[in-house]
Amino acid sequence: MTSDLEFYDRLKDLKIPNSVAIILDGNGRWAQKRNLPRELGHKAGCDTLEEIIDYASKIGIKYLTVYAFSTENWKRSKEEIDALFRLFKLYVPIIIDNAHKNNSRCYIIGDLSRFSKEMQDTCKMLMEETKSGTNMVFTMALNYGGRDEIIRAINKLFIAKITEHNNKEWTKKELDNLDITEDSFKNYLDTNIIPDPDLLIRTSGEMRLSNFMPWQLAYTEFYMPETLWPDFHKEELVKAIESYNKRDRRFGGRK
Ligand code: IPE
Ligand code: IPE
Ligand code: MG
């Protein structure tokens, strides 16, 4: 058995990114390579996720956000979608247990209104049971699409402004002072408790966002290894952090 802080030497002089996002991709191909049903690829992906959540909280990542089911994933077969949600329910007690052990908080982003009442209750329970965790916030994006999130945010903002204004007619001065800024708009996004990611990892060699956090990733560093998600073990996360440490983040400025 190797210790949890294996690779510590490689990390000890490195800057640990505060907020990390991962597009968990490649479960299907991992299963296909082994002539297994896709569901077993997702199962292996869940085991890897458990390992990575645990390791991330131990090495000092403060926010870990993973893309687990997109608004576009409803295009998959009913069989695969059912299998994914079966696995989610199976893993919830494990995720809660681990969150308690690591003093972490679990959070969910995405449009949950499309899910069954039972699924929505499970999501609420997961957040409620872990809400006092302070070490790391682990967020799962479920029925999440970046464009959908922005449109939902605009709707919320619109309703807030109308309510605030009490349905009166707007004067020109009021319209000039609407005060919709990047900072105020961010509060209406699902991710309002999560700082913009410093590092985005997408496994399986795909070089696209597939509708994941287009607003939040504007200045994020990308790391996209060929590794399929179920094979993304601790050392892969260390490699991602090593790569992150070689980046020169200029945010548009010059030194
Ligand atoms: C990622 O693995 C998991 C989900 C999208 C739910 P995939 O199922 O996309 O795996 P590939 O891309 O087919 O290999
Ligand atoms: C992105 O992966 C969504 C998740 C990982 C949840 P997909 O496998 O669905 O993305 P595409 O279809 O390859 O763009
Ligand atoms: Mg995929």
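Analysis parameters
- Residues numbered from 1 in each chain as written.
- Chains lettered and ligands numbered in written order.
- Predicted model: local features only at pLDDT ≥ 70, side-chain atom pairs only at ≥ 80, totals over all residues.
- Heavy atoms only, no water.
- Near = heavy atom within 4 Å.
- Polar contact = N/O pair within 3.5 Å; in protein donor to acceptor, adjacent residues only side chain to side chain.
- Areas by Shrake-Rupley, 256 points an atom, 1.4 Å probe, with all protein chains shown as cover.
- Nonpolar A, V, L, I, M, F, W, Y, C, P; charged D, E, K, R; others polar.
- Axes fitted to C-alpha atoms, helices over the stretch in contact; angles between N-to-C directions.
- Helix = DSSP H or I, 4+ residues; strand = E, 2+ residues; numbered from the N terminus.
- Parallel < 35°, antiparallel > 145°, perpendicular 65-115°, else oblique.
- Left-handed = near helix turned anticlockwise from the far one by under 90°.
- Contact = heavy atoms within 4.5 Å.

A. Highlighting the site of ligand 2. Surrounding ligand 2, one finds Ile23, Leu24, Asp25, Tyr67, Ala68, Phe69, Ser70, Asn73, Arg76, Arg202, Arg208 and Ser210. The separation between an oxygen atom of ligand 2 and a polar side-chain atom of Asn73 is 2.9 Å. Arg76 is positioned such that a nitrogen or oxygen atom in its side chain is 3.2 Å from an oxygen atom of ligand 2. Notes on ligand 2: free accessible area 390 Å², of which the protein chains cover 78%. Considered class by class, the residues forming the shell around ligand 2 number five nonpolar, three polar and four charged.

B. Representation of the packing of helix H3 (residues 38-59) against helix H4 (residues 78-101) in the model. Closest axis-to-axis distance for the H3/H4 pair is 10 Å, and the angle between their directions is 20 degrees. In terms of their interaxial angle, H3 and H4 are classed as roughly parallel. The interaxial crossing formed by H3 with H4 has right-handed handedness. Contacts between H3 and H4 involve Arg38, Glu39, His42, Lys43, Cys46, Asp47 and Glu50 from the first element and Glu80, Ala83, Leu84, Arg86, Leu87, Tyr91, Ile94 and Asn98 from the second. Split into classes, the residues belonging to the contact of H3 with H4 amount to six nonpolar, two polar and seven charged.

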